[in-house]
Amino acid sequence: MSLTAELCAYASDLGLDWVGVTSPFPVPGLAFYTAWIEQGYHGEMTYLARPDRLERRADPAKILPGVRSLISVGVNYYSGRFPAALEDDPARGRISRYAWGSDYHAWLLPRLEALGAFLEQASGHLVAWRAYVDTGPILERAYAAQAGLGFIGKNTCLIQPRAGSWLFLGELLTDLALDPTLVEASGGCGICTRCLAACPTGALVAPYTLDARRCISYLTIELKGPIPPALRPLLGNHIYGCDRCQEVCPWQRFAVPTAEPAFRTADATYAVPLLLDLLRLDADAFEAQYRGSALHRIGRGRLLRNVAVALGNWRAPEALPGLIAALRDAEPLVRGHAAWAVGRIGGAEACRALQVALSSEPDPSVQQELRAALLMI
């Protein structure tokens, strides 16, 4: 058995659903990525355009000197669906499926490190390797496609023909010259454009091209400041990420629930939580509820920012007391978006609350939100 075959067998024992080996050179998709950056589609994710990171993306040897092979792995995280009555309830927030379970970084990285240790043991000599899970300057989807894990769809996701696009990806670079797997995934998008039509904000500006600045996942996770007012009504009840372009994909009919318990949840109160319950979270309650999860990385302020927008889109009078209380939140980001939501709901009570808040608000950006909200009533 070749070392590549042994590696693939060991990866399966570790719970990794797909593994492929490819050459790191030439870098697949590099010209497309460079053009994407030049268009400014990365938004405020300025680290993506840093010269040092661009140099390392263009030359993996700057990441790991002497690199000769790249191992790409994938694991299924699909955990099924809750009843549409829950997912489409405007009183509940929608959370992207990848965040329903444990933080995948903490789950996947140790398994990649175990693969690195396996290579050292199986080869019988010192092996250089480096592992990444979503954090390194590597075009992971392009490499995964080249390694045979799937193909890149028009929604920019890697699609596994036998499982859809519900995949976590990781990479291991090594200076070992491994035999490539050379298994090209069959399938493609053909003339289908369902994902482009389904995107709530029009972020898929062309097939295979995402303008992150309009993407709900970017707006609710990566964007640190205020969500642009013109885009807020388009977010619906999404409070952390968005799966719309994946949900409508015909390839998802082959998706099966993951075998990994860490990525499954049967708790609707976590996956589709009541918005008003989230709005009441203080710092300690947020830590207790989300420590160890993907949601923890955005912090309480950004989560409640997103919750306020979803409540504004619900426009239910019963949300008004909680939002009025949020006008006194310690974080300006929360106060500003609560003001927008109060203005969206409207009415005499909303108007009085906004005027009272404006009379004592010290932050200029929140003052601007309060004035804009009053004009909506």
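Residues numbered from 1 in each chain as written. Predicted model: local features only at pLDDT ≥ 70, side-chain atom pairs only at ≥ 80, totals over all residues. Heavy atoms only, no water.

A. A look at the overall build of the chain. Broken down by element type, the chain carries 17 helices and 10 strands. Computed over the C-alpha atoms, the radius of gyration of the chain is 23 Å, within 12% of the 21 Å expected from 2.2 N^0.38 for a compact globule of 377 residues. Across its three principal directions, the C-alpha atoms of the chain cover 75 × 45 × 40 Å. For the chain, with 377 residues in total, the buried portion stands at 54%. Expressed as a percentage of contacts within the chain between residues at least 6 apart in sequence, the contacts between residues at least 24 apart total 75%. A total accessible area of about 16300 Å² is found for the chain, and carbon and sulfur atoms account for 56% of it. Between the centroid of the 35 positive side chains of the chain and the centroid of its 37 negative side chains there is a distance of 6 Å. (Helix = DSSP H or I, 4+ residues; strand = E, 2+ residues; numbered from the N terminus. Rg over C-alpha atoms; globule rule 2.2 N^0.38 Å. Buried < 20%, exposed > 50% of the residue type's maximum accessible area, 1.4 Å probe, protein only. Contact = heavy atoms within 4.5 Å. Areas by Shrake-Rupley, 256 points an atom, 1.4 Å probe, with all protein chains shown as cover. Lys, Arg positive; Asp, Glu negative; His and termini not counted. Charge placed at Lys NZ, Arg CZ, Asp CG, Glu CD.)

B. Inspection of unusual backbone geometry at higher detail. Residue F25 is joined to P26 through a cis peptide bond whose omega torsion reads -10°. For P26, the position within the fold is in the loop between β1 (18–22) and α2 (30–38). A positive phi angle, near 70°, is found at D134, a position not held by glycine. Position of D134 relative to the elements: it lies in the loop between β4 (129–132) and α6 (140–146). Look at D134 and you get partly exposed, because its relative accessible area is 41%.

C. Inspection of the nonpolar core at higher detail. Y98, L115, Y240, L303, L311, L323 and L327 are the most contacted members of the largest nonpolar core, which has 110 residues in total. Residues within four places of L115 in sequence aside, it is in contact with L7, Y10, A11, L14, L16, V73 and L172. W18, A144, A147 and A163 belong to the second-largest nonpolar core, a separate cluster that totals 8 residues. (Core = buried A, V, L, I, M, F, W, Y, C linked by side-chain atoms within 4.5 Å.)

D. The pairing of strand β7 (residues 167–174), seen in detail. With 8 of 8 residues buried, β7 lies mostly within the body of the structure. Of the two faces of β7, the one holding L167, L169, E171 and L173 and the one holding F168, G170, L172 and T174 are both buried throughout. As paired strands, strand β2 (residues 69–76) and β7 are joined by 8 bridges and run antiparallel to one another. Residue pairing in the sheet places L70 in a bridge with L173 of β7. Relative to β7, β4 is paired through 4 bridges, and the arrangement is antiparallel. Note that in β7 the partner of W129 across the bridge is T174. (Pairing = 2+ DSSP bridges.)

E. Fine view of helix α5 (residues 104–123). Between the first and last C-alpha of α5 there are 29 Å, a value that for 20 residues agrees with the 28 Å anticipated at 1.5 Å per step. Among the residues of α5, those classed as buried are Y104, W107, L108, L112, A114, L115, G116, F118 and L119. Where the residues of α5 are buried, they touch α1 (3–13), β2, β4 and β7. Positive backbone phi, at 80°, marks G124, one or two positions downstream of α5. (Expected span 1.5 Å × (residues − 1).)

F. Representation of the sheet that holds β7 in the model. An order of β1-β2-β7-β4 is seen for the 4 strands of this open sheet, with the pairing classed as antiparallel. Every interior strand has two partners, whereas the edge strands, β1 and β4, have only one. Taken pair by pair, the neighbouring strands of this sheet meet at an average axis angle of 15°, ignoring direction. On top of the sheet, α5 reaches β2, β4 and β7; it is set at about 30° to β7, its chief contact. (Axes fitted to C-alpha atoms, helices over the stretch in contact; angles between N-to-C directions.)

G. Molecular detail of a nonpolar patch on the surface. A cluster of nonpolar side chains, namely F32, I152 and Y208, defines an oily patch on the protein surface of about 270 Å² accessible area. Along the chain, I152 turns up in strand β5 (residues 151–152). On the accessibility criterion, I152 (33% relative accessible area) is partly exposed. (Patch = residues over 30% accessible without salt bridge, like charges linked within 9 Å, V, L, I, M, F, W, Y side chains within 5 Å. Salt bridge = Lys/Arg side-chain N within 4 Å of Asp/Glu carboxyl O.)

H. Geometry of the packing of helix α15 (residues 332–345) against helix α17 (residues 364–376). Two elements in contact, α15 and α17, have axes separated by 8 Å at closest approach and are oriented at 5°. Here α15 is positioned roughly parallel relative to α17, judged by the angle of their axes. Taken together, the residues of α17 that come into contact with α15 (itself represented by P332, R335, G336, A339, W340, G343 and R344) are V366, E369, L370, A373 and M376. The residue makeup of the contact of α15 with α17, split by class, is 7 nonpolar, 2 polar and 3 charged. (Parallel < 35°, antiparallel > 145°, perpendicular 65-115°, else oblique. Nonpolar A, V, L, I, M, F, W, Y, C, P; charged D, E, K, R; others polar.)

I. Quick peek at the packing of aromatic side chains. Enumeration over the complete set of coordinates arrives at 15 aromatic pairs. Taking the centre distance of 4.3 Å and the plane angle of 20° together, the rings of Y77 and F168 count as stacked. One end of the pair, Y77, is in the loop between β2 and α4 (84–87); the other, F168, is in strand β7, and 91 residues separate them in sequence. Across this residue pair, the class does not change: Y77 and F168 are buried. Relative to F168, the ring of Y104 has its centre 4.2 Å away and its plane inclined at 10°; by these criteria the two rings are stacked. Of this pair, Y104 sits in helix α5 while F168 sits in strand β7; the two residues are 64 residues apart in sequence, bridging distant segments of the chain. We classify F168 as buried; its relative accessible area is 4%. Three or more aromatic residues joined by ring pairs make a cluster, and in this case those are Y77, Y78, Y98, Y104, W107, W166, F168, Y240 and F263. The ring of W107 carries the charged tip of R111 above its face, separated from the ring centre by 3.7 Å. (Phe/Tyr/Trp six-rings, centres within 6.5 Å; stacked < 30°, edge-to-face > 60°. Lys NZ or Arg CZ within 6 Å of the ring centre and 35° of its normal.)

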